[in-house]
Amino acid sequence: MNEWSEKYGKYGVLEAKLLPLGDSAVTVQFGETICRQTHDRVRQLAEHLEGHRFAGMIEYVPAFLSVTVYFDPFEALAGLGDGADPSGGADPLALVAGWLGDQLAKLEDAPQRTPSVTEIPVCYGGELGPDLPEVAAAHGLSEEEVVEIHASADYLVYMLGFAPGFAYLGGLPKRIATPRRRTPRLSIPAGTVGIAGDQTGVYPIATPGGWQLIGRTPDPLFLPDAMPPALLRAGDIVRFRPISRAEFDRREAARR
Amino acid sequence: MSMIILKPGLLTTVQDLGRYGAQQFGVIVAGAMDAFALRISNLLVGNDENAAGLEITMVGPEIYFAERTLISVCGGDLSPVLNDREVPLWKTVVAPEGSLLRFGRVRLGCRAYLAVAGGVDAPVRMNSRSTYLRAGIGGWEGRSLQKGDRLPVGAASPANRALTALLADEAEADGVAFSRWSVAPDLLPSYTANPEVRAVPGQEAALFEKDSAVRFLNETYQIRTESDRMGYRLTGEILRLREKRELASAAVTFGTVQVPPDGQPIVLMADRQTIGGYPKIAQVASVDLALLAQANLGERIRFRSVSWREAQRLYLIRENGIRMLRSALAHINAGVDGKV
């Protein structure tokens, strides 16, 4: 049977692999390793899809290496299929892959949108960051040094997922990369900033987890009443700014 | 209009067809596990397919309707009873004022869907009324229903009113009426215990040992008790990769079958996370998600491989059928009686 399952090709200036995710989604994958260049490709396509849609397209999800486009096959067939008979061997996946290939061929060589820089205030250490002493000790650093290193880097938001508004951040300095805790905590409060291996991140909602907790932000990352419902989006740059406990309390009180 | 929850049941939640448009921000889709059943129940009362209804799990609630309400119960057969009269599934039903809807023994499946004309008027959060249990938002106060909840019912549309008037004429002395029309049996998924579920190869299917790929399709997998709306954890033959590999996390969807390092597959369901990092061995064909949604803990599933083209063909046939049902109901509404 000569059906489409996976296409690898050059589209204009880009190389990409198109593969179905079941019967109602297609993934466009740009590379095999997580890196800045692949991330830029992901962003380019995501930006393009903000302004270009096909009938039946529901939404798209950017990830480390790929963008997945979800659609309703019935609507996609009606919109892209020139009135093809739904019963007669129609192939909406191939139609959507064709459309995506056309879009890829139109993309420029670099993302157009300048990334926004978001500053996240963090009260480090103390009861809001109970693992800071352990992280410092593990690297032979003082707590102040860990804070300084953590707050001096620029972090890239590769994608959101795991929890609503949770950003996968790249760029944690290796000097403070720390393995997860051996025993996960049952509940970590929303806003907690943690380190797990070479990742750092902020818990948007209370969840169980094994991260090393080094501080907490008073700013909400998940905004269920806003659109978009998240403080960050893929492609953004994040910087952490140390704040005092007094400022933390003041900002948190102001939110209520 | 409102309905009052006298007993909540095991896990009764407000669901529509899901929360779309915010997955890129990590917001899960949620929505009805058996979306087919919710869609049909909505159509049968004259609602939009996406209206919010109740998803009722295993042990049903007791619901009091103070006013006359047009309802429909579809999906799993949890022995619904309205004022001591057995309620047939897949039909339109008039619940007279002051009536009580209860549920009993599980006869088939595990999730029943209750649609009410006008829909459950829970607040819309991020374009949906679905309950997002883990974040505690959406649905009714972000949680499963509790005793004493009073759920508002949306204003009746002309279609709701026409169907109510049509059926109320046929009501018996107790005010209860069941429609003569029902859903054509060939439109219904072949609900059964221990279902066979059709699937296409997953994006990483080629990374698995050949033996594992064969076993996955030839053995049965049992649904473990830790399974929930997020995912079904399965027990069966261990599935192994040809070589150990770390994958970059990527988007997943309803019915994605992923395999964590312990080799026991997990099928992602309505409350799945938006992205996942485990290799995907298979993807359940959309038409068979309803069968999976109705499979009970402890039941055995067998996966059968189909081509993408076959999965799409089945999808299009199903959607065609639903559209035909929709227009048949519109005909009934227009005063032309007939069979649906």
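This structure is a prediction, so every number in the text was calculated from the model and none was measured. (Residues numbered from 1 in each chain as written. Chains lettered and ligands numbered in written order. Predicted model: local features only at pLDDT ≥ 70, side-chain atom pairs only at ≥ 80, totals over all residues. Heavy atoms only, no water.)

Novice: Would you mind showing me how to read the overall build of chain A here?
Specialist: Each helix and strand in chain A was counted, giving six helices and 14 strands. Reported as C-alpha extents along the three principal axes, the dimensions of chain A are approximately 65 × 35 × 35 Å. Looking at chain A residue by residue over its 256 residues, the buried ones come to 57%. Within chain A, contacts between residues separated by at least 24 positions form 58% of all contacts whose residues are at least 6 apart in sequence. Of the side-chain charges in chain A, 24 are positive and 33 negative, and the distance between the mean point of each set is 6 Å. (Helix = DSSP H or I, 4+ residues; strand = E, 2+ residues; numbered from the N terminus. Buried < 20%, exposed > 50% of the residue type's maximum accessible area, 1.4 Å probe, protein only. Contact = heavy atoms within 4.5 Å. Lys, Arg positive; Asp, Glu negative; His and termini not counted. Charge placed at Lys NZ, Arg CZ, Asp CG, Glu CD.)

Novice: Quick question: what am I supposed to make of the packing of aromatic side chains here?
Specialist: Across all of its chains, the model carries 14 aromatic pairs over all chains by this definition. Centre to centre, the rings of Tyr203(A) and Trp211(A) are 5.7 Å apart; their planes meet at 65°, and the pair counts as edge-to-face. Taking the relative accessible area as the measure of exposure, Tyr203(A) reaches 2% and is therefore buried. Overall, Trp211(A) belongs to the buried group, its relative accessible area being 7%. The lysine or arginine in question, Arg134(B), covers the ring of Phe162(A), its NZ or CZ lying 5.9 Å from the ring centre. Just above the ring of Phe74(A) sits the side chain of Arg323(B); from NZ or CZ to the centre is 3.7 Å. (Phe/Tyr/Trp six-rings, centres within 6.5 Å; stacked < 30°, edge-to-face > 60°. Lys NZ or Arg CZ within 6 Å of the ring centre and 35° of its normal.)

Novice: Before we go on, may I ask you to explain the sheet that holds strand β18 (residues 266-268) of chain B in this structure?
Specialist: Whether parallel or antiparallel, the strands of a sheet pair through hydrogen bonds between backbone atoms. Residues and elements named next belong to chain B. Pairing within the closed barrel is mixed, and its seven strands lie in the order β13-β20-β17-β18-β15-β14-β21. In this sheet, neighbouring strand axes are inclined to one another by 40° on average, regardless of whether the strands run parallel or antiparallel. Two elements, strand β13 (residues 196-201) and strand β21 (residues 300-305), share four bridges in a ladder whose sense is parallel. Considered in β21, the bridge of Val 197 is made with Phe 303. In the packing of helix α3 (residues 210-218) onto the sheet, contacts are made with β14 (220-223), β17 (256-258), β20 (280-284) and β21, and the angle to β21 comes to roughly 120°. (Pairing = 2+ DSSP bridges. Axes fitted to C-alpha atoms, helices over the stretch in contact; angles between N-to-C directions.)

Novice: Even after reading the chapter, I still don't get the pairing of strand β13 (residues 212-216) of chain A, so can you show me in this structure?
Specialist: Residues and elements named next belong to chain A. Within β13, five of the five residues are buried, which leaves it mostly tucked inside the rest of the structure. As paired elements, strand β6 (residues 117-124) and β13 share two bridges and run antiparallel to each other. Bridge pairing in β13 links Cys 123 to Arg 216. Across four bridges, the pairing between strand β10 (residues 192-196) and β13 is antiparallel. Within β13, the position partnered with Ile 195 by the bridge is Gln 212.

Novice: Help me understand the domain arrangement of chain A, please; the structure alone is not making it clear to me.
Specialist: The accessible area lost on association of the parts is a frequent measure of interface size. Residue and element names in this part refer to chain A. For chain A, the assigned domains read domain 1 (7-106) and domain 2 (117-255). In this structure, domain 1 and domain 2 have C-alpha centres spaced 33 Å apart. Listed as interface residues are 10 residues of domain 1 and, on the opposing side, eight residues of domain 2. Carbon and sulfur atoms supply 69% of the area buried between domain 1 and domain 2, which totals about 760 Å² over both sides. Broken down residue by residue, the surface that domain 1 buries against domain 2 is led by Arg 36, His 39 and Phe 64, which jointly contribute 57%. On inspection of domain 1 and its partner domain 2, the count reaches one salt bridge. The partner of Glu 50 in a salt bridge is Arg 233, with the nearest N and O atoms 3.8 Å apart. Summed over the shared surface of domain 1 and domain 2, the result is zero residue pairs in polar contact (both at pLDDT 80 or more). With four residues, the single largest contributor to the side of domain 1 that touches domain 2 is helix α1 (residues 36-51). Residue composition of the side of domain 1 that touches domain 2, by class: six nonpolar, one polar and three charged. (Domains from an automatic or database assignment. Buried area = accessible area lost by both parts, 1.4 Å probe. Salt bridge = Lys/Arg side-chain N within 4 Å of Asp/Glu carboxyl O. Polar contact = N/O pair within 3.5 Å; in protein donor to acceptor, adjacent residues only side chain to side chain. Nonpolar A, V, L, I, M, F, W, Y, C, P; charged D, E, K, R; others polar.)

Novice: Would you mind showing me how to read the state of the cysteines here?
Specialist: In a disulfide, the sulfur atoms of two cysteines are covalently bonded to one another. Inspection of the entire model under this criterion finds zero disulfides over all chains. Unpaired in terms of disulfides, Cys74(B) finds its nearest cysteine sulfur in Cys110(B), a separation of 15 Å. (Disulfide = S-S within 2.5 Å.)

Novice: I tried to follow helix α4 (residues 132-139) of chain A on my own but got confused; where do I start?
Specialist: Residues and elements named next belong to chain A. Those residues of α4 that fall on the buried side of the exposure criterion are Leu 132, Val 135 and Ala 136. Take α4 and look down its axis: the buried residues cluster within an arc of 100°, on one side only. Exposed residues pointing more than 90 degrees away from the buried face of α4 are listed as Ala 137 and Ala 138. Elements in contact with the buried residues of α4: β6, α5 (143-152) and β13. Phi turns positive one or two residues past the end of α4, at Gly 140, with a value near 65°. (Arc of directions from axis to C-beta.)

Novice: What is the right way to read a negative patch on the surface from this model?
Specialist: Judged by side-chain charge, Glu143(A), Glu144(A), Glu145(A) and Glu148(A) come together as a negatively charged surface patch. Structurally, Glu144(A) can be placed in helix α5. (Patch = residues over 30% accessible without salt bridge, like charges linked within 9 Å, V, L, I, M, F, W, Y side chains within 5 Å. Areas by Shrake-Rupley, 256 points an atom, 1.4 Å probe, with all protein chains shown as cover.)

Novice: Explain the UniProt feature "domain: Carboxyltransferase" (unreviewed entry) in chain B here, please?
Specialist: The feature "domain: Carboxyltransferase" (unreviewed entry), as given by UniProt, occupies residues 24-321 of chain B in the numbering adopted here. Taken end to end, residues 24-321 of chain B comprises 16% helix and 27% strand; its first and last C-alpha atoms sit 32 Å apart. (UniProt positions renumbered as here; feature names shortened; annotations may be inferred.)

Novice: Is there a simple way to explain the pattern of salt bridges in this structure?
Specialist: Close approach of charged atoms allows side chains of opposite charge to pair. One pass over the structure, following the stated rule, counts 40 salt bridges over all chains. Of the charged contacts, one joins Lys17(A) and Glu32(A) as a salt bridge, the two residues approaching to 3.7 Å between their closest N and O atoms. Within this pair, whereas Lys17(A) is found in strand β2 (residues 14-20), its partner Glu32(A) is found in the loop between β3 (25-29) and α1, the two being separated by 15 residues in sequence. Taking the relative accessible area as the measure of exposure, Glu32(A) reaches 54% and is therefore exposed. Across the pair Asp288(B) and Arg198(B) runs a salt bridge, and its minimum N-O distance is 2.8 Å. Taken together, the positions of Asp288(B) in the loop between β20 and α4 (289-293) and Arg198(B) in strand β13 put the pair 90 residues apart, joining distant regions of the chain. For the pair Asp288(B) and Arg198(B), one class covers both residues: buried. Salt bridges sharing common partners tie together Glu75(A), Arg39(B), Glu49(B), Glu319(B), Arg323(B) and Arg326(B).

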